[in-house]
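Descriptive analysis of the structure
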Amino acid sequence: MPSRDHAAQQQQAVARTVRRTLLALVAMLGFAFALVPLYDVFCNLTGLNGKAASQARVAVAMEIDESRWVSVRFITQQGQGLPWTLEALDEQFRIHPGGQYSARFVFTNHADHPVRGRAVPSVSPAEGSLHLRKIMCFCFQEQTLAAGERRELPLVFQVDPDLPEGIRDLTLAYTLYPVTTPSSAGDDGAEHSAGGET
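To keep things clear, this report deals only with the structure shown in the data block. Note that the structure is a prediction, hence the values are computed from the model and not measured. (Residues numbered from 1 in each chain as written. Predicted model: local features only at pLDDT ≥ 70, side-chain atom pairs only at ≥ 80, totals over all residues. Heavy atoms only, no water.)

Another aspect to go through is the sheet that holds strand E4 (residues 100-109). Within a sheet, neighbouring strands are paired by backbone hydrogen bonds and run either parallel or antiparallel to one another. The strand order across the open sheet formed by four strands is E2-E4-E8-E6, and the pairing between neighbours is antiparallel. Each edge of the sheet is formed by a strand with only one pairing partner; in this case those strands are strand E2 (84-88) and strand E6 (132-136). Strand after strand, the sheet turns through a mean of 30° between neighbouring axes, direction not considered. Here five bridges tie E2 to E4, and the two strands are oriented antiparallel to one another. By the bridge assignment, Glu-87 is partnered in E4 with Val-106. (Pairing = 2+ DSSP bridges. Helix = DSSP H or I, 4+ residues; strand = E, 2+ residues; numbered from the N terminus. Axes fitted to C-alpha atoms, helices over the stretch in contact; angles between N-to-C directions.)

Quick look at the structure:
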């Protein structure tokens, strides 16, 4: 029959193992949550995986390449848990690189209460995200729509003339996601703004 000391040592060993396991679990969860923003930063810097810039870029006077045409298409996708629709009123453009263009989008809140959400962009082919310059975009911050509200917002963009010759088509896709974190008092004006920094 094991002694009381031996039983106490076993209990302490089990308690240590449980503490270490819980600590490792918390560390792994923290690392998993940190990966998402780190990956987004990396993709924004490199254009990897078609991640489009999340801040406005300054409009640049570029020489318009009138010898070349590029097709820019806009598609919208519904994310989970957001009672909105997003429609591209101008679904496709045939543009000259270097020119500045404006596309129109309509958000509609189908809920009977105000809802906050965000449109997250991605570009394909992924390499094209480095050459698509969003000057003004509703995607730079969250939006708040009142019950049943319908709001038209613009996207102002340029395609750099140094877009590789092999890319003749760009697709900018927006996916809608709900915003569940509480907004600070100073964000109200930003939520209703269509643009970003210029």
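Attention now goes to the packing of aromatic side chains. What the rule picks out here adds up to eleven aromatic pairs. Judged by centre distance (5.5 Å) and plane angle (80°), the ring pair of Phe-74 and Phe-105 falls under edge-to-face. Within this pair, whereas Phe-74 is found in strand E1 (residues 70-78), its partner Phe-105 is found in strand E4, the two being separated by 31 residues in sequence. Each of the two residues, Phe-74 as well as Phe-105, counts as buried. Each ring, one from Phe-93 and one from Tyr-101, has its centre 6.4 Å from the other, and the planes form 65°; the classification is edge-to-face. Accessibility assignment for this pair places Phe-93 and Tyr-101 in one class, buried. (Phe/Tyr/Trp six-rings, centres within 6.5 Å; stacked < 30°, edge-to-face > 60°. Buried < 20%, exposed > 50% of the residue type's maximum accessible area, 1.4 Å probe, protein only.)

This part takes up the sheet that holds strand E7 (residues 143-145). Taken together, five strands build an open sheet; the order of strands is E3-E1-E9-E5-E7 and the sheet is mixed. On the outer flanks of this sheet lie strand E3 (92-95) and E7, each paired with one strand and no other. Neighbouring strand axes in the sheet, compared pairwise and without regard to direction, differ in orientation by 25° on average.

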